[in-house]
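Remarks on the overall topology
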Amino acid sequence: MATATRSRTADTALSTAERAFELLTCEPAPLSFDARPVPGLPDTTMPLDKLRKLLLFERYDSDTTDALWRQLAHHAREWGPAWVVGSIGVALPALTHMAAKISGGRPRHAEDVDSEVLAGFLQALRTADLDAPRLWLRLCWVAWRAGVAVIKGGDTEELPLDLSSGSHSPRMPYGHPDLLLGRAAAAGLISPENAELISATRFGDSLIEALAAEQGVTASSLRMRRRRAERAVAAAVVRGDLSGPVRTSNRHEAAMAA
């Protein structure tokens with residue numbers, strides 16, 4: 001997990017969480033984690049601040065990371081508030097880095113971004129499917145999207161085309177994005193599979209890495225597919241093709257966006 005330093009003129013949700021974590025892990029009785037059941041971690045019990053340092057400076061594969069966060073999330077859900085604070089504390093270097101990246105150049109949003117990143121991570125910690133793969137990435141994804149929502153017009157990855165630009169301004173409203181994607185698929189602009197890909201990864205909780213693993217393809221190739229499909233939808237919106245009766249004959253564009 002990456003970390004970043006960040007100056008603050010006032011307390012924020014993340015800095016408050018850090019102080020709570022410090023109190024929780026100080027002597028004489030720091031909250032400790034049993035790493036022995038986690039493959040790849042040292043065969044010992046260690047204070048949570050030591051675990052956090054270990055994660056900062058060592059690289060672990062996804063199996064180890066999943067097992068670690070499965071255990072931390074279980075403790076947070078079953079063993080009370082101290083483990084909620086402790087689990088958040090272990091994640092704080094990544095959450096702080098994430099929040100700094102989102103609010104970079106927007107200091108007036110920093111406190112709100114901190115709060116939403118923390119709230120998103122906490123929500124995911126309490127509700128995420130612990131058996132599905134890439135647990136750590138899914139927890140971070142929810143936190144990232146919560147923070148990005150504070151920054152108007154922001155996005156989580158490749159920034160989509162400005163749908164309101166061009167010579168033909170789109171006629172709004174289009175309704176829920178899934179309806180727009182459904183119209184694009186019905187018009188043959190994108191395939192139903194790509195409509196589902198966009199919906200699941202942009203508006204749902206699916207991670208593109210997990211979908212790529214399920215389909216036996218690389219995440220980069222799946223992102224490229226999604227990007228082409230999004231551009232086809234964006235171009236159609238700019239032209240106004242999706243604001244009137246749906247056309248169903250444009251198979252060439254669908255093939256290009258497949």
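Quick notes on the rules
Residues numbered from 1 in each chain as written. Predicted model: local features only at pLDDT ≥ 70, side-chain atom pairs only at ≥ 80, totals over all residues. Heavy atoms only, no water. Helix = DSSP H or I, 4+ residues; strand = E, 2+ residues; numbered from the N terminus. Buried < 20%, exposed > 50% of the residue type's maximum accessible area, 1.4 Å probe, protein only. Contact = heavy atoms within 4.5 Å. Salt bridge = Lys/Arg side-chain N within 4 Å of Asp/Glu carboxyl O. Axes fitted to C-alpha atoms, helices over the stretch in contact; angles between N-to-C directions. Parallel < 35°, antiparallel > 145°, perpendicular 65-115°, else oblique. Left-handed = near helix turned anticlockwise from the far one by under 90°. Nonpolar A, V, L, I, M, F, W, Y, C, P; charged D, E, K, R; others polar. Expected span 1.5 Å × (residues − 1). Core = buried A, V, L, I, M, F, W, Y, C linked by side-chain atoms within 4.5 Å. pLDDT = per-residue confidence, 0-100. Phe/Tyr/Trp six-rings, centres within 6.5 Å; stacked < 30°, edge-to-face > 60°.

**A closer look at the overall build of the protein**
Check the secondary structure of the protein and you find eleven helices and two strands. Secondary structure elements in the protein, listed N-terminal to C-terminal, are α-β-β-α-α-α-α-α-α-α-α-α-α. Evaluated residue by residue, the protein yields a buried proportion of 44% over its 258 residues. If you take every contact in the protein between residues at least 6 apart in sequence, the share linking residues at least 24 apart comes to 67%.

**Overview of the pattern of salt bridges**
Counted by the stated rule, this structure contains four salt bridges. Between aspartate 11 and arginine 19 there is a salt bridge whose closest N-O contact spans 3.3 Å. Between arginine 36 and aspartate 34 there is a salt bridge whose closest N-O contact spans 2.8 Å. You can call aspartate 34 partly exposed: its relative accessible area is 26%.

**Overview of the packing of helix 1 (residues 13–24) against helix 4 (residues 81–103)**
In the contact formed by helix 1 and helix 4, the axes pass within 9 Å of each other and the chain directions differ by 135°. Viewed along their axes, helix 1 and helix 4 adopt a mutual orientation that is oblique. Here the hand of the crossing between helix 1 and helix 4 comes out left-handed. The segment helix 1 lies against helix 4, with Leu14, Ala17, Glu18, Ala20, Phe21 and Leu24 engaging Ala82, Val85, Gly86, Ile88, Gly89, Val90, Leu92, Leu95, Thr96 and Ala99. For the contact of helix 1 with helix 4, the per-class residue count stands at twelve nonpolar, three polar and one charged.

**Observations regarding helix 5 (residues 110–127)**
Taking 1.5 Å of rise per residue, the 18 residues of helix 5 would be expected to cover 26 Å, and the 26 Å separating its terminal C-alpha atoms lies within 8% of that figure. Every buried residue belonging to helix 5 is among Ala110, Val113, Asp114, Val117, Leu118, Gly120, Phe121, Leu122, Ala124 and Leu125, and all of these are buried. For helix 5, the elements touching its buried residues are helix 1, helix 3 (62–78), helix 4 and helix 6 (135–148).

**What about the nonpolar core?**
Across soluble globular proteins, nonpolar side chains have a tendency to be buried as a group. In this structure, Phe33, Leu48, Leu51, Leu68, Trp69, Leu95 and Phe121 are the most contacted members of the largest nonpolar core, which totals 50 residues. Of all the elements in the fold, those that place two or more residues in this core are helix 1, helix 2 (48–57), helix 3, helix 4, helix 5 and helix 6. When residues of this core are assigned to their parent elements, the largest contribution, eleven residues, is made by helix 4. Apart from residues lying up to four places away in sequence, leucine 51 is in contact with Phe33, Leu41, Met46, Leu68 and Val90. In this structure, Leu180, Ala184, Ala195 and Val233 belong to the second largest nonpolar core, which totals 14 residues.

**Side note on the environment of isoleucine 151**
Mapped onto the fold, isoleucine 151 is located in the loop between helix 6 and helix 7 (177–186). Residues isoleucine 151 and aspartate 112, spaced 39 residues apart in sequence, show a C-alpha to C-alpha distance of 9.4 Å. Among all residues touching isoleucine 151, those that are not within four sequence positions of it are Ile102, Arg106, His109 and Val113.

**Side note on the side chain of histidine 75**
Mapped onto the secondary structure, histidine 75 falls in helix 3. What makes histidine 75 buried here is its relative accessible area of 7%. The residues touching histidine 75, leaving out its near neighbours within four places in the chain, are Phe33, Gly80 and Trp83.

**Digging into the confidence of the model for the protein**
Here the protein averages 78 in pLDDT, and 76% of its residues register 70 or above. Here residues 153–176 scores under 50 on pLDDT; set against residues more than four positions off or in separate chains, the count is 43 contacts. In the model, residues 245–258 has pLDDT below 50 throughout and makes 31 contacts with residues more than four positions away in sequence or in other chains.

**Brief notes about the packing of aromatic side chains**
Scanning all chains against the criterion turns up four aromatic pairs. Centroid distance tryptophan 69 to phenylalanine 121: 5.8 Å. Interplanar angle 85°. Geometry classified as edge-to-face. Of the two residues, tryptophan 69 sits in helix 3 while phenylalanine 121 sits in helix 5, which places them 52 residues apart along the sequence. The exposure classification of tryptophan 69 matches that of phenylalanine 121, with both residues buried. A ring pair is formed by tryptophan 79 and tryptophan 83, whose centres lie 5.9 Å apart and whose planes are at 75°; its orientation type is edge-to-face.

**Let's talk about the environment of glycine 40**
Within the fold, glycine 40 resides in the loop between strand 1 (32–34) and strand 2 (45–47). Judged by its relative accessible area of 55%, glycine 40 falls in the exposed class. Taking the C-alpha atoms as reference, glycine 40 lies 9.6 Å from leucine 68; in sequence the two are 28 residues apart. Setting aside its immediate chain neighbours within four residues, glycine 40 contacts Tyr60 and Thr64.

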